[in-house]
Amino acid sequence: MSAAAEQLSTPPFLTCATAAGARIAPTWPLDQLIAVNPWWEMRDQPLAEVAARVALLGHAEGHMPRSWFRDQYPHAISRESLDAAAAEATAGLSSEDLIAWLSGEESPTHWRNFSDQADSRRDLERNVSWHDEIIHQISQFCASFYSLGTPLPSEPDRCLYEAWLENVRNDRGIEFMMGAHGLHREFDALPDSAEALIEAAATALGVPESAATDYFHALLLDVNGWASWVAYLRWQAGLAGGSDDAMPQLLAVRLAWELVLWRHEHSVDSDGIELLARQWQQQFERLPELIARHRLAQQPAWIWQRAAELSYQTALHAELINARPSAGAGDDARPKLQVALCIDVRSEVYRRALEAQDEGIQTIGFAGFFGLPIAYAPAGASYTRPQLPGLLPAALTVSEVPTDADERATTLNREARWSAISRAAPAAFGYVESVGLGYAFKLLRESVFGAEPRHPVNHSSCGHGPYTISNGDGELDAAAQAGLVAGILGAMTLTGSFAPVVILAGHGSSTRNNPHAAGLDCGACCGQTGELNVRVLAQLLNDEAVRELLGTEHGIDIPADTRFVPGLHDTTTDDLHCLGGLPEGSAQIAAWLDAAGAGARRERAADLGVDPANPDEAIRGRTRDWSQVRPEWGLAGNAAFIVAPRSRIKSVNLAGRSFLHDYDWEADSRNGYPVLELIMTAPMLVTHWINMQYNLSVIDNERYGSGNKVLHNVVGGNLGVFEGNGGDLRIGLPLQSLHNGEKWMHDTLRLSVYIDAPAEAIAAIAAKHEVVRQLIDNEWLYLFRINDDASSIERLFAGEWTTAS
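Source: prediction; values computed, not measured.

J.: Help me understand the packing of helix H22 (residues 478–491) against helix H24 (residues 544–554) in this model?
T.: Angle between the axes and distance between the axes are the two parameters that describe a pair of packed helices. Between H22 and H24, the shortest axis-to-axis distance is 9 Å and the interhelical angle comes to 70°. As far as their axial angle goes, H24 and H22 are roughly perpendicular. Of the two elements, H22 crosses H24, and the hand of that crossing is right-handed. Facing Ala478, Ala479, Gln481, Ala482, Gly483, Val485, Ala486 and Leu489 of H22, the residues of H24 in contact are Ala545, Val546, Leu549, Leu550 and His554. Partitioned by chemical class, the residues of the contact of H22 with H24 number 10 nonpolar, three polar and no charged.

J.: I tried to follow the pattern of salt bridges on my own but got confused; where do I start?
T.: Side-chain pairs of opposite charge can arise whenever the charged atoms involved come near each other. By the definition in use, this model includes 42 salt bridges. A salt bridge links arginine 657 to aspartate 747, with the nearest nitrogen and oxygen atoms 3.8 Å apart. On the criterion of sequence distance, the pair formed by arginine 657 in the loop between helix H27 (646–649) and strand S12 (658–661) and aspartate 747 in the loop between strand S14 (720–723) and strand S15 (752–755) is long-range, its members being 90 residues apart. Note that arginine 785 and aspartate 788 form a salt bridge whose closest N and O atoms lie 2.5 Å from each other. Arginine 785 gets classed as buried once you look at its relative accessible area, which sits at 3%. On the accessibility criterion, aspartate 788 (71% relative accessible area) is exposed. Through salt bridges with shared partners, a single ionic network connects Arg23, Glu49, Arg53, Asp214 and Arg295.

J.: Explanation requested: the packing of helix H3 (residues 47–58) against helix H13 (residues 209–222) in the structure shown.
T.: At a closest axis distance of 9 Å, the pairing of H3 and H13 adopts a crossing angle of 70°. When the interaxial angle is binned, H3 and H13 end up roughly perpendicular. Once H3 is placed against H13, the crossing between them reads as right-handed. Two secondary-structure elements touch here, H3 through Arg53, Val54, Leu57 and Gly58 and H13 through Asp214, His217, Ala218 and Leu221. When grouped by side-chain class, the residues that make up the contact of H3 with H13 number four nonpolar, two polar and two charged.

J.: What's the story with the pairing of strand S10 (residues 575–578) in this structure? I'm lost.
T.: Along any regular strand the residues' side chains alternate between the sheet's two faces. In terms of strand pairing, strand S9 (residues 563–570) meets S10 through four bridges, oriented antiparallel. The partner of leucine 568 across the bridge, within S10, is histidine 577.

J.: Any chance you could explain the environment of leucine 221 here in plain terms?
T.: Inspection of the secondary structure puts leucine 221 in helix H13. You can call leucine 221 buried: its relative accessible area is 15%. Discounting residues that sit within four places of it in the chain, leucine 221 has contacts with Ile24, Val54, Leu57, Gly58 and Tyr704.

J.: Before we go on, may I ask you to explain the side chain of threonine 572 in this structure?
T.: The topology assignment puts threonine 572 in the loop between S9 and S10. In this structure threonine 572 comes out as buried when scored by relative accessible area, which is 0%. Within polar-contact distance, the side chain of threonine 572 engages the side chain of glutamate 632 at 2.8 Å. Setting aside its immediate chain neighbours within four residues, threonine 572 contacts Ser509, Ser510, Thr511, Arg604, Ile619, Thr623, Pro631 and Glu632.

J.: What's the story with unusual backbone geometry in this structure? I'm lost.
T.: Residues other than glycine predominantly adopt negative phi, and peptide bonds predominantly adopt the trans conformation. Going from tyrosine 73 to proline 74, the amide bond is cis rather than trans, its omega being 5°. In this structure, proline 74 sits in the loop between helix H4 (66–72) and helix H5 (79–88). Notably, histidine 59 is not glycine yet its phi reads approximately 55°, a positive angle. Even without glycine at this site, alanine 790 takes up a positive phi of about 55°. Its location among the elements puts alanine 790 in the loop between strand S16 (782–786) and strand S17 (793–797). Overall, the relative accessible area of 29% leaves alanine 790 in the partly exposed class.

Quick notes on the rules
- Residues numbered from 1 in each chain as written.
- Predicted model: local features only at pLDDT ≥ 70, side-chain atom pairs only at ≥ 80, totals over all residues.
- Heavy atoms only, no water.
- Axes fitted to C-alpha atoms, helices over the stretch in contact; angles between N-to-C directions.
- Helix = DSSP H or I, 4+ residues; strand = E, 2+ residues; numbered from the N terminus.
- Parallel < 35°, antiparallel > 145°, perpendicular 65-115°, else oblique.
- Left-handed = near helix turned anticlockwise from the far one by under 90°.
- Contact = heavy atoms within 4.5 Å.
- Nonpolar A, V, L, I, M, F, W, Y, C, P; charged D, E, K, R; others polar.
- Salt bridge = Lys/Arg side-chain N within 4 Å of Asp/Glu carboxyl O.
- Buried < 20%, exposed > 50% of the residue type's maximum accessible area, 1.4 Å probe, protein only.
- Pairing = 2+ DSSP bridges.
- Polar contact = N/O pair within 3.5 Å; in protein donor to acceptor, adjacent residues only side chain to side chain.

Right, dumping it as structure tokens:
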């Protein structure tokens, strides 16, 4: 059956249900936690339009409050930027109007699902609201359902809606607690399939087909955490070439509650329900008007938002234009040391500190998975783990050469099992009881004297090699390995002038008692440390057969004395550990690395509340403190992504707010800009995800952040967290990762991307890839370039370049 014919044969409300579910972005599990834009699936619409719609339907905040803009003006948001933003907007508001708006108050009108309408007739001072009970019941059920091994929704014996229906029909406690006599009869009368329920409920509730998608979206936003988890399972199925989607089933569960309450309210008050039903229908009629009112109400905030971004961009543009290009050790001189680090904003501080040690040191910014599209499969283990961005499927599998791998796999499996048991809050006392008093004494000792950190080196997440690398056809031979490595070196702009020592530095964090620890590790490695990736790449680059083929087949000659060293940048302590050690005679390099770490710690100390004069022990001590809720600030403050040769911006202090990707457009142009296309369709999207997750976790932490981490309880071992013992599954960042107790540590600025490349090449790639064009033209991010004579910055928008400064 053709797609068009299939769509015609699909019941209309089921089509609307699928469309509503398609608006929900995925969230990754705790052990693979990566940043995601929660509004990603609506990027085909202007950002302001999405913010207005979600504010109406999901009661979410779409922008920072007036008080935040008031505090930013005029020191962080200049009057000049406010004037420029007002002149640029089409709202017809003057700067004086906008300043007066700061003293006003919000008066939003929100969409009310029928359960909210029913609550208007309920004494909420003495009774639990229907809304809260519904979210609690659905969330507790989903936690139980998905904790049984997170089955894919398509498994015939694990249908989400059918399992929920069986559960709720046998739960008479709801009826008793809510004081709703006879409620169980309404559950008994529900259709037995999700598809039938959606059609029956929408018909009974009088939902107009034109408004059904928005209404269904509103229902999913009520359980957005679990909807995001179901979207993750859908995403993973898509990466594997499937199309499993349990979103309509989850919607059916939430919609079933609406139908149950509709029927119950009619049965207990057939006369009084008339007014409620009339208000319900009028809301559908007013839906376009309500969206328009939210859009209009948010206009001043978006102008202030633009002014905040203009203020940041104006200052950064001046620094980029006035930057002093640096050749480092000289074009012909061989670097003394090369260190490749992740583009992560935390690396920017360390790179400056390391480069300050000697002019012969060259640092390189590259995506933290180091271009290896791999999954890790420990020999003898029963699982694989992705080590690449969540956007991509793994094309290769890495495992240890079978020597002591079976022992290593057994250790990994044992550690994983005990880790899962010990993390589950209800099992904590049973865990201590099971392993004996020795563990109780360990807990006491570490509580008083500090624990060993969850250190990215001391607690290695992979075997130390050697490794085999394979695809679906078997193990890669030397020629395939050389081809893989040649592409990586080209993308890194590292094809000549190799230093005697080249450190490939992934990164990870050191924390304790932190369910969101993976969120501080490498997002490009799917929430893991980059240890495996750098160990594998170093093995390939140190292999004599691969080196020979790099020279003869790819024109990349690596000197015989060059040694590639895998390393790991601990972003919590700013120590750079060389895995397996440095080559003999590298005492000077070790000293440089230590001094760079000390310099980076001094720079970060003030934001951590640590004395900059003596930060080393205090910062390292945070990694051992079980009670420390702010071991580091992660990627807070991120605001820009710069794609350019390091020499062009080396003199600029970017204050740990910029992702940095080295790029040489002249070398790339010889092959038609494949590296630029890769950067704009992968790292640029990942940095946008990070930026938007931080932004929305600040703007509305209740819905897009995970709340107070002191109250977190881990759900299902790795699914996510509850704040307390109930409510929806929480997504996004904890408050303590964003706020120091006095102020926000992240400014909610849309990502500003700067690419040093010809205008026509950038524009052509943007036009070629719909997702890139959507992000630019719907104003989810800004795309700039430094013009050819470095005299101004140009912005690409709607296919046209204009001068931005």
